[in-house]
Amino acid sequence: MKPASMNIVILGLSITSSWGNGHATTFRGFVRELAARGHQVLFLERDVPWYASSRDLPNPGYCDTQLYASLDDLKSRFTEQVREADLVIVGSYVPEGVPVGQWVIKTAQGIKAFYDIDTPVTLAKLERKDYEYLHPDLISQYDLYLSFTGGPTLDLLEQKYGSPKAKPLYCSFDPELYFPDPQELKWDLGYLGTYSDDRQPPLEKLMLEAARQWPKGKFVVAGPQYPATIQWPTNTQYIHHLPPAEHRAFYNSQRFTQNITRADMIKAGYSPSVRLFEAAACGTPIISDYWDGLDSVFDFETEILVSYSAQDTLRFLRDISESERNAIGEKARQKVLNQHTAAHRALEVEQYVQEISGKLNLPTTKASSMV
């Protein structure tokens, strides 16, 4: 049965500006789908100059978005809303996230959750005693820890840090933006991603070396910040900037797409990236590096191809028939449509709240009466 409508307050890094962060697009899809399911959402965002100058969605139509200037401003204007909400969610990288979290835990009478869109980074920071936005003592006080990373990390959060309930809340994609869109096939293999020191070696190993060994193949890399010193293979095109509006056409112009994973995500495992879901949604077969838990997201061979070397990559590119290629892409597309849209994430949060609402000594709120 669908639960009663909840009043939800979210304190997140940003929903108004996607400049330089991946949080805004995640929150937009998530909040939009919460609203579509009948929940009332108040999104509270710290007003900072670097987002103020580049707000691409200043007033989302599916929630009440309010900016606050400081911690004192937050407390003076929104204490009642936080106190009365059925669910309050504090996101990772919220400015002054520790005192914000302490205030929420002290004030809110409903369910209190931490939404970690950066789980491997967060855990590495805690190990270094870097408490920029989360302190270990807070983890046990949040009723629910929503994590972009699943698998053993959830056990770590519960057993080492004392979270009462740690649950996966993976990233998601918007099926209205990512879908098969027939394009001229310009490249055999493409990669979309900002340069990073830890991703470049596997990109060289799995993709660029394959390009050098197959001069007839056509390859492309798109993303900013690649050093001018990189020597691209002659059959590899480099696109410095590809705006999000062009991502769908980019994926649909490739026979296969390459996935490369950040080192901290590989270490944690069970951390699918939004690029995986977006490419799959376009029906473009994915050739990925390996990480623990990848097979919990996609079935190997039938939904995703895993490469350990340039030779593996070339075998996929040259030996897989067109019918098999299309079948792999379509199976991956069906998987993400069935499990990884923003609507699925909203439903998962509802389920998690239902699981814990009866176990908490809550006042009489919609959350505590959900069935």
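Residues numbered from 1 in each chain as written. Predicted model: local features only at pLDDT ≥ 70, side-chain atom pairs only at ≥ 80, totals over all residues. Heavy atoms only, no water.

**Here we look at helix 14 (residues 322-339)**
Phase 1 of the analysis: For helix 14, with 18 residues, the first-to-last C-alpha span of 26 Å sits near the 26 Å given by 1.5 Å per residue.
Phase 2 of the analysis: Burial in helix 14 covers these residues: Arg325, Ile328, Gly329, Ala332, Arg333, Lys335 and Val336. The buried residues of helix 14 all sit within an arc of 160 degrees when viewed along its axis, so they share a single face. Exposed residues lying more than 90 degrees from the buried face of helix 14 are Ser323 and Asn338.
Phase 3 of the analysis: Buried positions along helix 14 lie against strand 11 (254-259), helix 11 (274-281), helix 12 (294-297) and strand 13 (305-306). (Helix = DSSP H or I, 4+ residues; strand = E, 2+ residues; numbered from the N terminus. Expected span 1.5 Å × (residues − 1). Buried < 20%, exposed > 50% of the residue type's maximum accessible area, 1.4 Å probe, protein only. Arc of directions from axis to C-beta. Contact = heavy atoms within 4.5 Å.)

**Some points on the sheet that holds strand 11**
Phase 1 of the analysis: If you walk across this open sheet you meet the six strands as 10-9-8-11-12-13, and the pairing is parallel. The open sheet has two free edges, formed respectively by strand 10 (236-239) and strand 13, since each of these has just one partner strand.
Phase 2 of the analysis: Summarising the sheet, strand 12 (residues 286-288) and strand 13 pair through two bridges and their orientation is parallel. Across the sheet, residue serine 288 finds its bridge partner in strand 13, namely valine 306.
Phase 3 of the analysis: Relative to the sheet, helix 13 (residues 310-319) contacts strand 8 (187-192), strand 9 (219-222), strand 11, strand 12 and strand 13, its axis offset from that of strand 11 by approximately 160 degrees. (Pairing = 2+ DSSP bridges. Axes fitted to C-alpha atoms, helices over the stretch in contact; angles between N-to-C directions.)

**Some thoughts on the sheet that holds strand 3 (residues 64-68)**
Phase 1 of the analysis: Here seven strands make up an open sheet; going across it, the order is 3-2-1-4-5-6-7 and the pairing parallel. Edge strands, defined here as strands with exactly one partner in the open sheet, are strand 3 and strand 7 (166-168). Adjacent strand axes in the sheet meet at a mean angle of 20 degrees, parallel and antiparallel pairs treated alike.
Phase 2 of the analysis: Note: strand 6 (residues 144-147) against strand 7, three bridges, orientation parallel. The partner of serine 147 across the bridge, within strand 7, is proline 168.

Purely geometric stuff here, so don't read any function into it on its own.
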